[in-house]
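Per-entry structural report
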Amino acid sequence: MAETLDPLSPSLNDSSNSSGIMSKLRLTFSRGSPNPRPTDGYVEFGEFRSQAPGVKKVGTFAGVFCPVVLSMFSALIFIRMGYLIGNAGLLVTLAQFGMAYLIVGFTVMSICAISTNGAVEGGGVYFMISRTLGPEFGGAIGTLFFFANVVSSALCISACTEALVENFGPNGYLVGDSPGLPDGHWYRFLYRSVLNTVGLSVSLAGASLFARTSLAIWVTMVVCLASAFLSFFITAPALIEKPDTNHLVNATNFTYTGLNVNTFYENLYPSYGRDYSTADGEMVDFASVFGVLFTGVTGVMAGANMSGELKSPSRSIPLGTLAALLFTALSYAALTLLTAGTCSRELLRNNYVYLLPINVWPPFIAVGMLMATFSAGLSNLIGASRVLEALAKDDIFGFLLRPMVPRSGNPVMAVLMSWFLVQIGIMAGSLNAIAQVNSVLFMTSYFAINLACLGLDLASAPNFRPTFRHFSWLSALLGLAGCAALVFCLRPAYACGVALACCSLVLALHVLSPAAAEPKWGSLSQALIFHQVRKYLLLLDPRREHVKFWRPQMLLLISSPRQAAPLIDFVNDQKKGGLFVIGHVRVGQLDGSGDPLAAEHKYWLKLIDHLRVKAFVELCLAESIRSGAAQLTRLAGLGAMKPDTVLLGFRDTATPKDFFRDPLSPYKTEQFDLDNGEIIFPQRTSVTSRISASEYVRIVADVLCVNKNICLCRNFHTLDMAAVERRSSRLKYIDVWVGEALRPSREEAFSVRALFALQLAAVVRSARGWQHLRLRVHVLDAPAPAPAPPPAPARDLQPESLEQNRPLRERLDELLKLLRISATIHILSNWPAIEDFGQWSDSYYDSASVYGRVPLTYLQKVNRIIKDRCDEGTAVTFVQLPEPPKLAADDSDETVCEQYLQVLDEFTKDLSPTILVRGLKSVTSTAL
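This write-up is about the structure you can find in this document. (Residues numbered from 1 in each chain as written. Predicted model: local features only at pLDDT ≥ 70, side-chain atom pairs only at ≥ 80, totals over all residues. Heavy atoms only, no water.)

Observations regarding the overall build of the chain
On a plain count of helices and strands, the chain comes out with 31 helices and 14 strands. Expressed as a percentage of its 928 residues, the buried residues of the chain come to 54%. Residue pairs in contact within the chain that sit at least 24 positions apart in sequence constitute 82% of those at least 6 positions apart. Accessible area for the chain stands at about 40300 Å²; split by element, carbon and sulfur atoms hold 59% of it. (Helix = DSSP H or I, 4+ residues; strand = E, 2+ residues; numbered from the N terminus. Buried < 20%, exposed > 50% of the residue type's maximum accessible area, 1.4 Å probe, protein only. Contact = heavy atoms within 4.5 Å. Areas by Shrake-Rupley, 256 points an atom, 1.4 Å probe, with all protein chains shown as cover.)

Pasting the structure below:
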C-alpha cells in the first residue's frame, strides 16, 4: 500500500461545471460589504446603498456635533472645573488641556482619515479598527471600547446624581432650608438607577429620538453655559458657603472676588489638596487631576459611534467632530481663564459646584449640570450598545453574543445588556475614581485608532486614499506615542492591566473566534507583511548564497493529499525552517470560461490548516503531467526562495489508503466531504489510472536536468508520527546508506550525493519530535573490482592515494566530526557480488539497457541486507537513488523505464518509510 501511487496523476475532481456556475453569478461591489454577493445584475457604491425601511438617518449637526459636544462636556464643564483649577492651578490645567487636545486632535485626524476612506457602518470605532487591523485585534479593542463607553456612561450618571443631590438634596442650592431629597449611599444608588432607566427608555426609542433629544439638550446647555460666562462679569464679590457634602474642612465660607488680578496670580500655580468627594479625602496629584480632565475629551468618539445612523458618515464624522472639538476647546479655555481670575483657591478646592451660587440665576447651572451629564450618559449608553451590536453581527464571540443581533433596526438586546453593565458600574464610589479607569480605557482606544492609521499609511496600500487631506503618518505616530506615554506615565498599573487584557483577548480571539477562522475583511498585518517581505526578498540575492547557510527548500509533488498526509507531515519536519511548497498538477487547458483551479485552491489552503504544516500551495494546469511538473520544478517559489529539492511519491501497485476517512488515522476529517456526496482530493482507484513508467521516469530526469535534487518517497503510509515523537516507542533510529547499491564503492561515502543524503537525515533528526532518535550511517566497504595499474612504491604515493588507503572508519569518523553530525558508523564488508555487473565501465553503466541486466537475485540480497540492518526500530531510511537511464526524445523507452522502476522496487520492497535520494549540490560545510 502506498501513500502516493503516482503523485502527479490527473485529479478526478470534475471542474467542468465550475465555469458555468461562475458565469451565472453577477457580483455587486459595495464599499460597505466585505465580500461580493449575488444580485440582480447592478452595481452599488457606498452612499447609494438602499436603506432599510423604517430606519431614519440623522445629519451632521444632530448626529455628530451635538452628541460630541454633550459627551465631552459631560461632568467636567459644570461639576469638576473647580477641582482642576483649585488643585493644579491655571498653568498646569491649561497645559493638561493642551496635552489632552493634542492627543485627541491627532486621533481625530486618524478617525477622519479612516471614515473618509470607505463606507463606515454601525460600530463606529470598533468598525474602523476591525476592518483595518483584522478581527482579532479589532475585536479586542472593540471589547475594551465597549467597556469604556459603559464606564463613561456610569461616570456621567454618577455626576448627574451628584448634581441632583447638590441642588435638591439636604440644604441643596435650590431647596434652601427645605428637607429636599434624602441623601445617602443607597439613596444615591436609587437615583442613579432611575436615571439609568430613563436613559434606557430613550435608547429603546431609537437613534432618531436621541438625535432630537440631544439637539434640544445642546440648545439648553448653551444657554446655561452662556449664563455662566455672563455671571463672571455681573455677579459682585461675595462669600460662598461650602456644600453640605464637604466634611473635610471646618470653614463655612469662601471668597468669590469677581474679576481680580491678585486672584488670577494666586491661581496660577498648583497647590494640591484633598478631594472632599471621596470617602476618606484622598490626596490629589497631577495624575488624578489629568484623569478627571481627560474625561472631558473622551466624548470625541460619540459621533463615530453613531456612524450606522448617519446619512453620510464619511462627510458627517470629520466635519461634525472637528467643529465640536473647536467649540469645546474654546469653551474650556474661556471657563478656565474666567474661573482663575474670579474664584479664590479655597473656594475652588472646597466647592466643586461653585458656578451655582455665583450665577445670576442658579437654576440655569442646575439645569446645565443635569442636562450635560444625563445626555453624555445617554450618548455613551447608545454608543456602547452599537459597539456590542457590531461585535455580535461580526460573530466575534460566536454564540455568546448571537442574541444581541437585532431582528429589526434598533438593537434592543444590545441596549439592555449595556444598560445592565452600566447598572453594575454605578455601584462604584467616587466619580473621580471612575474617571481614572475611564481615561485609561479611552486612551487605549485612541492608541488603537492611531496604530491602525499609521499601519495603513506605512503599508502603502493603494486602496488607502482618504479624502481627508490633513492626515499624515506623522500625526498618527504622534497620537500613538502620546497615548502610550501618558497612560504608562500617569497610571502604569491601570495601563498594564488594560494592555494585559487586550493581549489576552487578541490571543483568545485568534484561537477561538469564528470571525478569526474565516475573516471577512482584510487585515493590516497582511499588508504590512507583504510590504516587508517584498523588501527582504529583493535583498535576498541568489548570487550571494553560501553553502554554510543552506537549508532545505522542498517542492513536494502529490496527486491526492488523502493518501499522502503522513508524507506531507514528514516533509514539514524535514524543511528545518526552509521553504516547503506543495505542488499539484491538473491535466487540462484554459478554455476562456475561467480558472478551473480557482474553486479547488481554497480546499488546498484548508488542507494546510488541517494538517498544521507551514507550506505554500502551487497548483498547475498543463497539457500533461510531465509538462506541469516541469513548470512547477522550474518556476515554483519567488526570487531567491525557490525549491532546490523535488520530492515525489513512489510509483507502485499497492492500493492507496484514505487517511481522511480512516477512523484510526490522526488526519481523519470530514471537511473535504461535500454534502452532495462529492469528495475533494479523490484518490486513484485502479492500477490503470497511474501515469506511465516512461512519464514518471522522465519527470525524475527533468528534475535532474535543471540541476535540482530529487527524492522518491516510498512506504510513508506506514509512518506513525505519534510513535516517532513518543520516546518509549520501538522507533529508535534514522538510517542512512551512503553507498549506491548498484555501484558499491567505499569512496561513494564521500561523494556529494552521499553527503546530501547524510545532511537530509541530520536535518530530520534535529526537528522537534525526532531529536531522541539516533542516526546510523551504513557504509559499503566493497570497492568495485575495476582494472587498475600495479601499485606504485609507497614513496611515490600521492596524498589522494594515501587518503584512500587510510582505514575507512577513521576517515568517516573524521568527516562526521568536521560536519558536526553525531552518528554511529556501521561498515558492511560482506556486500554481495553482482556477477560481472560490477566489472562494467562507467560508459557501459550509463547505457539505457543496463537496468534490464541487473540480476534479480542481487536486488533481493541487497533488500534482505537492508531489512536485516534496518530492523523494526528504524523510523526512516535514506538510500541512494541510481541515476535514471538516458532516454530517447520519443516515448519508445517504456520498457527501459519499467526496468528502472523494477530495480528500485525490488531493493526497497517492504522497507520502513524510505527516501531514495540523488543530490547534485554540495550542502555541507566544514568552514566556520
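A closer look at the sheet that holds strand β6 (residues 579–587)
Pairing between the strands of a sheet comes from backbone hydrogen bonds, and it takes one of two forms, parallel or antiparallel. Judged by pairing direction, the sheet is mixed, and its ten strands sit side by side in the order β7-β6-β5-β8-β9-β14-β13-β10-β11-β12 without closing on themselves. One side of each edge strand has no neighbouring strand; the edge strands of this open sheet are β7 (616–622) and β12 (824–828). Adjacent strand axes in the sheet meet at a mean angle of 25°, parallel and antiparallel pairs treated alike. (Pairing = 2+ DSSP bridges. Axes fitted to C-alpha atoms, helices over the stretch in contact; angles between N-to-C directions.)

Section: a nonpolar patch on the surface
On the surface, L230, F233, I234, L259, V360 and W361 cluster together into a nonpolar patch covering about 640 Å² of accessible area. Checked against the element boundaries, F233 lands in helix α7 (residues 207–234). The class for F233 is exposed, based on a relative accessible area of 55%. (Patch = residues over 30% accessible without salt bridge, like charges linked within 9 Å, V, L, I, M, F, W, Y side chains within 5 Å. Salt bridge = Lys/Arg side-chain N within 4 Å of Asp/Glu carboxyl O.)

Concerning the pattern of salt bridges
Scanning the model with the defined rule gives 18 salt bridges in all. Note that K657 and D662 form a salt bridge whose closest N and O atoms lie 3.3 Å from each other. Of the charged contacts, one joins E670 and K668 as a salt bridge, the two residues approaching to 3.9 Å between their closest N and O atoms. Using a relative accessible area of 57% as the deciding quantity, one classes E670 as exposed. Counted as one network, the salt bridges with shared partners bring together R562, D658, R661 and D673.

Thoughts on the side chain of S751
Within the element layout of this structure, S751 appears in the loop between β10 (733–737) and α26 (752–766). Reaching out from S751, the side chain makes a polar contact with the backbone nitrogen of A754 at a distance of 3.3 Å. (Polar contact = N/O pair within 3.5 Å; in protein donor to acceptor, adjacent residues only side chain to side chain.)

A look at the nonpolar core
In this structure, F78, M81, L84, Y332 and Y354 are the most contacted members of the largest nonpolar core, which totals 144 residues. Excluding its chain neighbours within four sequence positions, the residues that come into contact with M81 are L76, F97, Y332, L335, T336 and Y354. Counting 70 residues, the second-largest nonpolar core is a separate cluster that includes I558, Y667, L755 and A762. (Core = buried A, V, L, I, M, F, W, Y, C linked by side-chain atoms within 4.5 Å.)

Some remarks on the pairing of strand β5 (residues 553–557)
Along β5, five of the five residues are buried, which leaves the element largely enclosed by surrounding structure. Burial of β5 is two-sided: the residues Q553, L555 and L557 facing one way and the residues M554 and L556 facing the other way are all buried. Relative to β6, β5 runs parallel, the two being bridged by five bridges. Looking across to β6, one finds that Q553 is bridged to L579. For the handedness criterion, the β-α-β arrangement of β5, helix α21 (residues 561–574) and β6 is classed as right-handed. (Right-handed = clockwise from strand over helix to strand, strands pointing away.)

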